[in-house]
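Next come the chains, spelled out residue by residue.
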Amino acid sequence: MKIPFLQAIKERTLVLDGAMGTMLQARGLKAGQSPEELNLTMPDVVAGVHREYLEAGADIIVTNTFGGTREKLSHFGLEEKVREINVRAVEIAREVCGERAYVAASVGPTGLFVEPVGNISFDAMAAIFREQAEALVAAGADLITLETFLDIKEIRAAVIAIREVSATIPIIAQLTFDNEGRTVLGTTPEAAAVTLEAAGADVVGSNCGLGPDGICAVMGAMRGVTRLPLISQANAGLPQLVEGKTVFPGTPDDMTAFHDRMLALNVRIIGGCCGTTPAHIRAIKDALGSRDQAWRPECGPPAGVTFLSSRLGVASLGGGCPTALIGERINPTGKKGFAQELREEKVSYVRREAMEQVAAGAHLLDVNVGTPGIDEPAAMERAVYCVTGTVGVPLVLDSSSPEALERGLKAADGKVLVNSVNGEEKSLVRVLPLVKKYGAAVIGLALDETGIPETAEGRLAVAARIVAAAEKLGIPRHDVVIDCLTLTVSAEQKRAMETLKSIRLVKKELGCATVLGVSNISFGLPRRPLISSSFFAMAMASGLDAAIVNPKEEEMMAAWRSSMVLLNRDANAAAYIAAYAGTAATPPEPAAGGAPLDIRERLGRAVITGDRENIVALVEEALEQGLAPLQVSNEGLLPGLEEVGRRFEKNLVFLPQVMQSADTMQAAFGRLKQAMQGREAESKGTILMATVEGDIHDIGKNIVCTLLENHGFEVVDLGKNVPADRIVARARELNVDAVGLSALMTTTMTEMENVIARLKEAGIRTFTMVGGAVVTQEYADEIGADLYAKDAMEAVARIRTMLAKEA
């Protein structure tokens, strides 16, 4: 009788099986055929692969359902067989495993990006995964493993959807990272771990993309922010082309080189991904047998720290961390201009304040859009999309409307802080279930239906009730941040010290992080920043972990910087020195009210910041000033996009920001086309793009197409799973300047060589460019491609350079 899975991984490190696709290919899977279809047509073959891994020593057998969502199966006309295929896959694995191994139901990405990067809504994405999960759970899978995800928002939707199906089935959640330690959309291992743990994953980790050394580094980064069990599924090295076949050079012994480090990091599941075989799994199993596999409960971050995340990074509250600054300026209270923008469904103020507050030092941003006469849930969604596309800090969603909070929670990329809940029963019932479902933390206001208690002990009692209610729902104590409430000192002078006492009591008795809206203290008094900054320093000395402040007020920032030094939370006074000795790593933004920017500069800045809302008005202003359409493009828009490319190369911005800039460019070009009165702009060349036959992945290719169009190229996109004959025929027909080929899978990358050979045989003189997750410069050289690009921005740069040389 197998013990429960989550108990088993605490008793010893389990071995998960290896690659499925290459094993099936060697046993009859045809190019362009759905691997999942074999569950119905060739079940004995699938069972045979499972059996080989079981005999090699695998403790976990993964089902043949990686592409088992409706979205993936629809590419093969199998969308009406979602349940049948997934149920049969679990049955096959269970028949092979019996009681000898656990059956992990595999779930892979859909190939789509969630809004606003892509076009599918959070709800629609969750529904796709919910359907597959219902079949897998009903069939009796022991656990579900999410593999090879690139988009944190997509895998977060998958975890939340699975938790709607089953509150208890163990979930493994894994993303794929590159050599820079980020996903294709810029997510770090730390941000991924924080987000996925909060959403409901039981094990987090990484598979594919990297060899054992790279995966080990990812494990180390994750361990700094989570105590969850970790999983490592490395590739057998990076793929190479040998005699026309894709080969992974990593030997079975290579897969065990990092075992000691993995075990020290409390990695509890070790398996293989691309290129691994039963021989690799046997080596992993044998190597583990002689090592200490004891569970290490102390391994991880300090207890009591509240971690929050965005797509790009992590912020921490409590546990001796520096007091976190929450920017308060995205709030329409007392701001008529912002309130009017909300009524007009605009986000210019939100974008500007997000950039300025982060530049001033905010670690998180409070987002409040509550104003009369608007659709608050829709406004919250727009604001969240705007902020997450503009800056990389985590969010605080501030609303009294559960509907607005839920819309914002779906729109967010990571683990946010909900502002807020209080001790009233109706508040607890309305807000805490949302916090639990969407994997957030929450601010608990120390008040209830009787108002704000006068004493610190009274506020502690309310806080304790909030914590108890949260824990009852499964929200951990460290995800409840208590607001001890700042009262106006001009009206209630005695209660300022009671607030400070409350902070000390909450931290001592409950172990929760604390937060205050500091500026409330000075309302109604002259020289407000003086009172506010003095109280802020006193609160930090009392243990305050986070403060909702205006980071653009120098007196508040000075109080924060000096207090962090004096409280020993600024190691070597580094932040203080950086601020006051002129050594800040990032130069400040130009001060408002300076010399007005030239229209060309304003166009470029709008592209850089992704200001789609105002770009058309700027184009019209440029045209009114006498600039010709080509001048607007070449002297204003394109320099902005080129700057985005430079920032992308330096990891200062990431793919979501690039796509936001590209959308802004498209809006500008739409207006320029009108100005040209039907005249076509001069094309810089015609590029034919296609994902090769057998491969149904086209996210990367689509991004390249968009950026090429933004740079003035005419793009002919043939789509995915395109036969070589069609590529050759269209290249000849259109006399294209270049052909771009994409492949994501090791089983289809060899088709690139066939297409390039066919183009040459046909006598078509054109440049060829290849790219995709598994493609390398060495592979491109071997197959005779003219160019290789590791990402979309590099693809554009290399095409431009190559064609410019030929001009």
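Computed from a predicted structure; not experimentally measured.

1. Details of the overall build of the protein
Tallying secondary structure elements over the protein gives 31 helices and 25 strands in all. Since a compact globule built from 807 residues should have a radius of gyration of about 28 Å, the 28 Å found for the protein is in line with a globular shape. Out of the 807 residues belonging to the protein, those deemed buried represent 58%. The long-range share in the protein, meaning contacts at least 24 apart out of those at least 6 apart in sequence, stands at 74%. Accessible surface for the protein amounts to roughly 31900 Å². Of this, 51% is attributable to carbon and sulfur atoms. For the protein, the distance from the average site of its 81 positive side-chain charges to the average site of its 102 negative ones is 3 Å.

2. Some details on the packing of aromatic side chains
Per the stated rule, a full pass over the model turns up five aromatic pairs. With a centroid separation of 5.5 Å and an interplanar angle of 75°, the aromatic rings of Phe5 and Tyr102 are classed as edge-to-face. Taken together, the residues span a long stretch of sequence, with Phe5 in helix H1 (residues 5-11) and Tyr102 in strand S3 (residues 102-107) at a distance of 97 residues. Of the two residues, Phe5 and Tyr102, both sit in the buried class.

3. Things to note about the sheet that holds strand S13 (residues 324-330)
One closed barrel holds the eight strands; their spatial order is S13-S14-S15-S16-S17-S18-S19-S20, and the pairing between them is parallel. The average undirected angle you get between the axes of adjacent strands in this sheet is 30°. The strands touched by helix H15 (residues 376-390) are S13, strand S14 (364-367) and strand S15 (395-398); relative to S15, the strand with the most contacts, the crossing angle is about 165°.

4. Side note on the environment of Ile269
Structurally, Ile269 is set in strand S10 (residues 267-272). The spatial distance from the C-alpha of Ile269 to the C-alpha of Val107 is 17 Å, given a sequence separation of 162 residues. Among all residues touching Ile269, those that are not within four sequence positions of it are Phe5, Ile9, Thr13, Leu14, Leu16, Ile60, Ile172, Val203, Leu230, Ile231 and Ser232.

5. Points about the state of the cysteines
For the structure shown, the criterion picks out zero disulfides. Cys216 carries a free sulfur, and the closest cysteine sulfur to it, the one in Cys299, is 12 Å from it.

6. As for helix H28 (residues 724-734)
Restricting attention to buried positions, one finds in H28 the residues Ala724, Ile727, Val728 and Ala731. The buried residues of H28 all sit within an arc of 95° when viewed along its axis, so they share a single face. Looking at the residues trailing H28, positive phi occurs at Asn735, about 50°.

7. Digging into helix H10 (residues 212-223)
Compared with the 16 Å implied by 1.5 Å per residue over 12 residues, the 16 Å span of H10 between its first and last C-alpha is a close match. Taken together, the buried positions of H10 are occupied by Pro212, Gly214, Ile215, Cys216, Val218, Met219, Ala221, Met222 and Arg223.

8. A look at empty space enclosed by the protein
The gaps of empty space that remain are located by a probe, the size of a water molecule, rolled over the atoms. As enumerated under the stated definition, the model contains four cavities of 30 Å³ or more in all. Volume-wise, the largest cavity comes out at about 70 Å³. As for the largest cavity, its lining consists of Pro212, Ser232, Ala234, Met255, Phe258, His259, Met262, Ile270, Gly271 and Ile284. A per-class count over the lining of the largest cavity returns seven nonpolar, three polar and no charged.

9. Re the nonpolar core
The nonpolar side chains of soluble globular proteins are, as a tendency, buried together. In this structure, Leu146, Leu196, Met219, Met222, Val387, Val418 and Phe536 are the most contacted members of the largest nonpolar core, which totals 161 residues. Filtering out sequence-adjacent residues up to four positions away, Phe536 remains in contact with Thr323, Leu325, Val518, Leu544, Ala547, Val549, Met556, Ala559 and Trp560. Leu655, Met659, Ala792 and Met802 belong to the second largest nonpolar core, which has 31 residues in total.

10. Concerning the packing of helix H26 (residues 655-675) against helix H27 (residues 699-710)
Relative to each other, H26 and H27 sit at 45°, their axes nearing to 10 Å. When the interaxial angle is binned, H26 and H27 end up oblique. The way H26 lies across H27 gives a crossing that is left-handed. The residues of H27 that touch H26, namely those facing Leu655, Val658, Met659, Ala662, Met665, Gln666 and Phe669, are Ile703, Thr706, Leu707, Glu709 and Asn710.

11. Points about the side chain of Glu154
Secondary-structure assignment places Glu154 in helix H8 (residues 152-165). For Glu154, the contacting residues outside a window of four places in its chain are Pro109, Thr110, Gly111, Leu112, Val114, Met125, Phe129 and Phe149.

12. A look at the sheet that holds S10
Strands sit in the order S1-S10-S7-S6-S5-S4-S3-S2 across an open sheet of eight strands; the sheet is parallel. One side of each edge strand has no neighbouring strand; the edge strands of this open sheet are strand S1 (14-15) and strand S2 (60-62). Sheet topology note: the S2/S3 ladder contains three bridges and is parallel. Within S3, the residue paired with Val62 across the bridge is Ala104. Packed onto the sheet, H10 meets strand S6 (203-207), strand S7 (230-234) and S10 and runs at close to 160° relative to S7.

13. Things to note about the pairing of strand S11 (residues 306-309)
Neither face of S11 is left uncovered, since the one carrying Thr306 and Leu308 and the one carrying Phe307 and Ser309 both have all their residues buried. Here four bridges tie S11 to strand S12 (residues 314-317), and the two strands are oriented antiparallel to one another. Following the sheet pairing, Thr306 is matched in S12 by Leu317. Hairpin connection, S11 to S12: the antiparallel pair is bridged by four residues.

14. Some details on the confidence of the model for the protein
A residue-level look at the protein finds 97% of positions with pLDDT of 70 or above and a mean pLDDT of 91. The model gives residues 583-593 a pLDDT under 50, and that stretch makes five contacts with residues more than four places away or in other chains.

15. Thoughts on the pattern of salt bridges
Counted according to the given criterion, the structure contains 43 salt bridges. Residues Arg600 and Glu635 are paired through a salt bridge, measuring 2.7 Å at the closest nitrogen-oxygen approach. Residue Arg600 is located in helix H23 (residues 599-609), and its partner Glu635 is located in helix H25 (residues 629-649); the two are separated by 35 residues in the primary sequence. Here Arg600 falls in the partly exposed class, since its relative accessible area comes to 26%. On the basis of relative accessible area, Glu635 is assigned to the partly exposed category, the value being 35%. Look at the salt bridges and you will find they share partners, linking Asp151, Lys153, Arg311 and Asp413 into a network.

16. Comments concerning the packing of helix H7 (residues 122-138) against H8
Two elements in contact, H7 and H8, have axes separated by 8 Å at closest approach and are oriented at 50°. Judged by the inter-axis angle, H7 sits oblique to H8. In this structure, H7 meets H8 at a crossing whose hand is right-handed. Counting all contacts with H7, which are made through Phe122, Met125, Ala126, Phe129, Arg130, Ala133, Glu134 and Val137, the residues of H8 involved are Glu154, Arg156, Ala157, Ala158, Ile160, Ala161, Ile162, Glu164 and Val165. Across the contact of H7 with H8, the residue classes tally to 12 nonpolar, no polar and five charged.

17. Some remarks on unusual backbone geometry
A cis amide bond, omega 5°, links Glu115 with the succeeding residue Pro116. Inspection of the secondary structure assignment puts Pro116 in the loop between S3 and H7. Cis rather than trans, the peptide bond between Asn419 and Ser420 has omega equal to 20°. Along the chain, the position of Ser420 falls in strand S16 (residues 417-422). At Asn266, a residue that is not glycine, the phi angle is positive and equals roughly 65°. Inspection of the secondary structure assignment puts Asn266 in the loop between helix H11 (259-264) and S10.

About the thresholds
- Residues numbered from 1 in each chain as written.
- Predicted model: local features only at pLDDT ≥ 70, side-chain atom pairs only at ≥ 80, totals over all residues.
- Heavy atoms only, no water.
- Helix = DSSP H or I, 4+ residues; strand = E, 2+ residues; numbered from the N terminus.
- Rg over C-alpha atoms; globule rule 2.2 N^0.38 Å.
- Buried < 20%, exposed > 50% of the residue type's maximum accessible area, 1.4 Å probe, protein only.
- Contact = heavy atoms within 4.5 Å.
- Areas by Shrake-Rupley, 256 points an atom, 1.4 Å probe, with all protein chains shown as cover.
- Lys, Arg positive; Asp, Glu negative; His and termini not counted.
- Charge placed at Lys NZ, Arg CZ, Asp CG, Glu CD.
- Phe/Tyr/Trp six-rings, centres within 6.5 Å; stacked < 30°, edge-to-face > 60°.
- Pairing = 2+ DSSP bridges.
- Axes fitted to C-alpha atoms, helices over the stretch in contact; angles between N-to-C directions.
- Disulfide = S-S within 2.5 Å.
- Arc of directions from axis to C-beta.
- Expected span 1.5 Å × (residues − 1).
- 1 Å grid on protein atoms, 1.4 Å probe; cavity = no way out; pocket = protein on both sides within 12 Å on 5 of 7 lines; lining within 4 Å.
- Points joined across faces, edges and corners; volume = space filled by probe spheres on them.
- Nonpolar A, V, L, I, M, F, W, Y, C, P; charged D, E, K, R; others polar.
- Core = buried A, V, L, I, M, F, W, Y, C linked by side-chain atoms within 4.5 Å.
- Parallel < 35°, antiparallel > 145°, perpendicular 65-115°, else oblique.
- Left-handed = near helix turned anticlockwise from the far one by under 90°.
- pLDDT = per-residue confidence, 0-100.
- Salt bridge = Lys/Arg side-chain N within 4 Å of Asp/Glu carboxyl O.

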